[in-house]
Amino acid sequence: MDTDTAGDEGTHTPGGPTVRRTGRRFGAWCAGLLFAGVSVVVGCRIADTDGITPVPQLLAFLPWLLVPAGAGLLLTLLARWWPGAVWGVALLGLLAWFTEPYGKAGEPAGPPVAEVRVLTSNVEFGQGTDALIDAVRREEPDLLFVQECEYTCDAALRRELGADYPHRRAVEGGGSEGSVILSRFPLAPAPGVSGTMGMPGAVADVRGHAVRLQLAHPMPPLPEQLGLWRTELGRLRDAAAGADGTPTVLAGDFNASQDHAAFRRILDTGLHDAARLAGEDRTPSWPARTTPVLGTQIDHVLVSRDFAAHRARFLVLADTDHRALVVDLTLHAAAG
């Protein structure tokens, strides 16, 4: 009897149940905080809105919210907080659902008439120009969309690529304001999209078929500029909707991913994300210094249903925070 008592006393930890209850309560609180933050972002995604800061910034990295949601679920299990576990499982399910590609991907109905390779690149204030020129010579795109191509970048592209790309439409500017479209195909003038940064437009003659080209570079969703970001994405949406059935390529740095409602409005006009068509819908393009471990896809080539996409590649270029995107497209004639 004395031995049993001594054994009980030897294994008894003073305050043990209280400590465990306190630890579980703390774990439940931590899980609740994680779930609350994730729920706000997921709730905006369900409501098809981009919300207010910090929601738009977090929406760009929506799949990464699986990490705090998973950590919260583990804490609920350790804390034996079963309602929280249900909350966590529901959040994980919704995040997995929204990670799937947005929109439907159809195949063009008409016969193929031309192969077109498109390259888009943000060269970060012109710093990545030399690397871009090397990539263009290697990849040999037919159409080139360049953002943040300031004066020295523009001059270098004229000097180094002018012979191969004699056709161009540009908005000249310093810093991030300059943008240019270079083409092997003849270009006719077309209205661009008004924005803080240059967004020129053109109509290309692709083997006798008119193709509407539009460069995209709206303002990023900075906390003090969310209204401007939405407005400029809305203008791109209006430009896409006004194509009147003309085959269209809308390419550039959208500063938005498929998880942003303002970007999905553009897709809802009937455009398709070429990277998604080629099976690269979640491949990150920014920031290049942390991809592919951490990043988001904000550089896109959007095409009308007249195009099929066969291959998409994201290229690492020196001295720019964006990866370039190269897409191989096939233009199809309208179905008879």
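Residues numbered from 1 in each chain as written. Predicted model: local features only at pLDDT ≥ 70, side-chain atom pairs only at ≥ 80, totals over all residues. Heavy atoms only, no water.

1. Some details on the packing of aromatic side chains
Considering all chains together, one arrives at four aromatic pairs under this definition. Aromatic side chains F61 and W286 sit 6.5 Å apart centroid to centroid with 40° between the ring planes, which places their arrangement in the tilted category. Remark: W286 occurs in the loop between α10 (274-277) and β10 (299-303) and F61 occurs in the loop between α3 (55-59) and α4 (66-79); sequence separation between them is 225 residues. With relative accessibility at 22%, the residue F61 sits in the partly exposed group. By relative accessible area, which is 28% here, W286 ends up partly exposed. Taking the centre distance of 5.4 Å and the plane angle of 80° together, the rings of F254 and F263 count as edge-to-face. The same class applies to F254 as to F263, namely buried. Aromatic ring contacts, followed pair by pair, group F35, W81 and W87 into a single cluster. Here R264 stacks its cationic end above the ring of Y102, 5.7 Å away from the centre of that ring. (Phe/Tyr/Trp six-rings, centres within 6.5 Å; stacked < 30°, edge-to-face > 60°. Helix = DSSP H or I, 4+ residues; strand = E, 2+ residues; numbered from the N terminus. Buried < 20%, exposed > 50% of the residue type's maximum accessible area, 1.4 Å probe, protein only. Lys NZ or Arg CZ within 6 Å of the ring centre and 35° of its normal.)

2. Considering the side chain of H322
Structurally, H322 can be placed in the loop between β11 (307-315) and β12 (324-332). Overall, H322 belongs to the buried group, its relative accessible area being 4%. A distance of 2.9 Å separates a polar atom in the side chain of H322 from a polar atom in the side chain of D299. Discounting residues that sit within four places of it in the chain, H322 has contacts with N122, D253, S285, W286, A288, I298 and D299. (Polar contact = N/O pair within 3.5 Å; in protein donor to acceptor, adjacent residues only side chain to side chain. Contact = heavy atoms within 4.5 Å.)

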